[in-house]
Amino acid sequence: MPNTTLTADIIAKEALAVLENELGWMAKIHRAHEDEFSNSVNGYKVGDTISIRRPADFTVRTGAVMSTQDVIEGKVTLTIDKQVGVDFEFTSTDMTLKISDLSERVIKPAMSNIINHVASDVLSTAAEGFYNWAGTAGQTINSFTDFSNGPKRLDLMAVPATDRLAILSPDDHWALVGAATSLANTGAESSAYRNGRLGMLGGVDTYMSQVVPVHTNGTADNTTPVIKGASQTVTYDTAKNTWTMSLNTDGWDSSSTITAGTVFTIDGVFMVNPKTKASTGILQQFVVTGAVTAQATTTNTTTLTISPPIITAGAHRTVSAAPADDATITVFGAASTGYAENIVMHKNAMALAVVPMEMPQAVTTGSRQTYKGLSCRVIPVYDGTNDISKWRLDMLYGRKLIDPRLGTRLSGTS
């Protein structure tokens, strides 16, 4: 079969095919919000947004007496703010290659790099926003018992048992594969041994990713940070959109750092079951959502922005009680130490939207292709002086942690 002169249209279609095959676990997270970006317009620009509602919650009445409740819905904004791409060039001779040759040499490596970049971004956004962290910081997941702490935490948080997925670092994945191969051969163990793939494990679709992020704690060390001031609570109505609040603390080393993504507990403040509102007996974990430099140990206040908000009453109650003044804060993990952020989550915790990009009016031979919620744009730029065809391949996407209550970070146990 003779070679065909390749065009932007052919290259864009091939790039989409490669993209679909390379998605892996990202094909499992929530993608429905792409439908809210209309395909009738000439593509989208960085900064376009949609609003996503956070569901209302209610308490159950007992007895016959009617007791109405306000319906309060929060919302989060998904912003299409990430433009990524790969640029390459061909000679005129290269442009007469078979598409299979070009795909293997150029398109597949390019799309693989793009997907890994997006995957790293999505994982970092999810992991750094999850305040639950099961296991012991720094320990490898090397048994089913270790792994089961993830779905167990989701059960305690009343997360739906369906559509769960886990993404593990290479170290944790292969340690768990090794543990699975030592079990009786029931089929799943055979797959782990022969293919290195765990698949469904405890009702969780389990994947390995080479771009699992690492969270590094700040420099605060040898300190006893405490709560500064009792009765620090908020209502759901004030926190429903951000799912954060400000918390006054002191006792940190002066000028030490508390990094975004740092997890901690407060003595006497326990997690509650979202359905029954009863204490689970597990200290509630909180995550710092913005980096902070601590003030002088006792004379000044170090204010942290944290999630979840401390809500002590009503349908959206998050904790058993408000923290007491001088209640001890315990940071998860050691100072200045990095920990792999394996995650277990329900697919609705995280949203990814890949949308069609705007096609510049001056472009006459570019192509924009969309397939199964994926979209890419290819634009050629010809360098007549050197007889070289330069190409830019772009994707436009947004990602958002929709509901941090639906996921947990996971480590092994000591």
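Residues numbered from 1 in each chain as written. Predicted model: local features only at pLDDT ≥ 70, side-chain atom pairs only at ≥ 80, totals over all residues. Heavy atoms only, no water.

Enquirer: Teacher, can you tell me more about the overall build of the protein here?
Expert: Looking only at helices and strands, the protein has six helices and 23 strands in total. Per-residue burial for the protein yields a buried fraction of 46% across its 414 residues. In the protein, the share of contacts with a sequence separation of at least 24, taken over all contacts with a separation of at least 6, comes to 78%. Carbon and sulfur atoms provide 49% of the accessible area of the protein, an area that totals close to 18900 Å². (Helix = DSSP H or I, 4+ residues; strand = E, 2+ residues; numbered from the N terminus. Buried < 20%, exposed > 50% of the residue type's maximum accessible area, 1.4 Å probe, protein only. Contact = heavy atoms within 4.5 Å. Areas by Shrake-Rupley, 256 points an atom, 1.4 Å probe, with all protein chains shown as cover.)

Enquirer: Can you walk me through helix 3 (residues 144-156) in this structure?
Expert: Think of an α-helix as turning once every 3.6 residues; residues three or four places apart then point the same way. Look at helix 3: 18 Å from first C-alpha to last across 13 residues, which is about the 18 Å you get at 1.5 Å a residue. The sharpest bend along helix 3 measures roughly 30 degrees and falls at G150, with the proline P151 sitting one to four residues further on. Taken together, the buried positions of helix 3 are D146, F147, G150, P151, R153 and L154. In the stretch just after helix 3, A158 is the one whose phi turns positive, near 60 degrees. (Expected span 1.5 Å × (residues − 1). Bend = angle between axes of the 7 residues up to and from the residue.)

Enquirer: Is there a simple way to explain the environment of A322 in this structure?
Expert: Mapped onto the elements of the fold, A322 is located in the loop between strand 15 (302-307) and strand 16 (329-331). Placed 11 residues apart in sequence, A322 and I311 show a C-alpha to C-alpha distance of 7.8 Å. Once residues lying within four places of it in the same chain are set aside, the contact partners of A322 are S231, T233, V269, I310 and T312.

Enquirer: Quick question: what am I supposed to make of the nonpolar core here?
Expert: Ranked by size, the top nonpolar core spans 63 residues in total, and within it W25, M26, M111 and M345 carry the most contacts. Ranked by residue count, the leading element in this core is helix 2 (residues 99-129), at 12 residues. If sequence neighbours within four positions are ignored, W25 has contacts with A119, V122, L123, L165, I167, Y207 and S209. One finds M245, I258, L304 and I310 within the second-largest nonpolar core, a separate group that totals 19 residues. (Core = buried A, V, L, I, M, F, W, Y, C linked by side-chain atoms within 4.5 Å.)

Enquirer: How should the sheet that holds strand 7 (residues 204-208) be read in this particular structure?
Expert: Strand pairing within a sheet occurs via backbone hydrogen bonds; the two strands may be parallel or antiparallel. Pairing in this open sheet of six strands is mixed, and the strands run 4-23-18-5-7-6 from one edge to the other. On the outer flanks of this sheet lie strand 4 (133-134) and strand 6 (199-201), each paired with one strand and no other. Two strands pair when backbone bridges link them, and strand 5 (residues 164-168) and strand 7 are joined in this way by five bridges, in the parallel orientation. Within the sheet, the bridge partner assigned to A166 lies in strand 7 and is T206. (Pairing = 2+ DSSP bridges.)

Enquirer: I would appreciate a short explanation of the environment of S411 in the present structure.
Expert: When you line up the elements, S411 lands in the segment after strand 23 (407-410). A residue is classified by how much of its surface remains accessible, and S411, at 3% relative accessible area, is buried. As for S411 and A340, which are separated by 71 residues in sequence, their C-alpha atoms are 7.9 Å apart. In this structure S411 touches W133, A134, G135, T136, A137, G138, Q139, I141 and D146, once residues within four positions along its chain are discounted. A distance of 2.9 Å separates a polar atom in the side chain of S411 from a polar atom in the side chain of W133. (Polar contact = N/O pair within 3.5 Å; in protein donor to acceptor, adjacent residues only side chain to side chain.)

Enquirer: What is the right way to look at the pattern of salt bridges in this model?
Expert: Think of it this way: side chains of opposite charge can pair up when their charged atoms draw near. With the rule as written, the count across this model stands at 10 salt bridges. What you see here is one network of salt bridges that share partners, running through E128, E341 and R409. (Salt bridge = Lys/Arg side-chain N within 4 Å of Asp/Glu carboxyl O.)

Enquirer: I'm lost on unusual backbone geometry in this one. Help?
Expert: In terms of backbone geometry, most residues other than glycine have negative phi values and most peptide bonds are trans. The amide bond that connects S307 to the next residue, P308, takes the cis arrangement and shows omega of 5 degrees. Along the polypeptide, P308 turns up in the loop between strand 15 and strand 16. Its identity is not glycine, yet A158 carries a phi of approximately 60 degrees, on the positive side. Within the secondary structure, A158 sits in the loop between helix 3 and strand 5.

Enquirer: Even after reading the chapter, I still don't get the sheet that holds strand 15, so can you show me in this structure?
Expert: The strand order 9-10-15-13-12-16 describes an open sheet built from six strands, whose pairing is antiparallel. Whereas interior strands pair on both sides, the edge strands pair on one side only; in this sheet they are strand 9 (226-227) and strand 16. The pairing of strand 13 (residues 279-288) with strand 15 spans two bridges and is classified as antiparallel. Bridging from a neighbouring strand, V287 pairs with S307 of strand 15. Helix 3 contacts strand 12 (263-272) and strand 13 of the sheet and is inclined by roughly 105 degrees relative to strand 13. (Axes fitted to C-alpha atoms, helices over the stretch in contact; angles between N-to-C directions.)

Enquirer: Would you take a moment to explain the packing of aromatic side chains for this structure?
Expert: Any aromatic ring pair is given by two values, namely how distant the centres are and how the planes are angled relative to each other. Applying the stated criterion to the full structure yields four aromatic pairs. Aromatic side chains Y236 and W243 sit 6.0 Å apart centroid to centroid with 70 degrees between the ring planes, which places their arrangement in the edge-to-face category. Residue Y236 is classed as buried on the basis of its relative accessible area of 6%. Here a set of aromatic residues connected by ring pairs shows up, and it is made of W133, F332 and Y339. Across the ring face of W243, the terminal group of R405 is positioned such that the distance to the ring centre comes to 4.9 Å. (Phe/Tyr/Trp six-rings, centres within 6.5 Å; stacked < 30°, edge-to-face > 60°. Lys NZ or Arg CZ within 6 Å of the ring centre and 35° of its normal.)

Enquirer: Just checking my understanding: could you explain the pairing of strand 5 for this structure?
Expert: The two faces of the sheet receive side chains in turn, since in a regular strand these alternate between them. Here strand 5 lies mainly inside the structure; five of its five residues are buried. The two faces of strand 5 match: R164, A166 and L168 on one face and L165 and I167 on the other face are all buried. Of the strand pairs in this sheet, strand 5 and strand 18 (residues 342-346) are connected by four bridges, and their pairing is antiparallel. Counterpart to R164 in the pairing with strand 18 is H346.

Take it as geometry only, folks, not as evidence of what the structure does.
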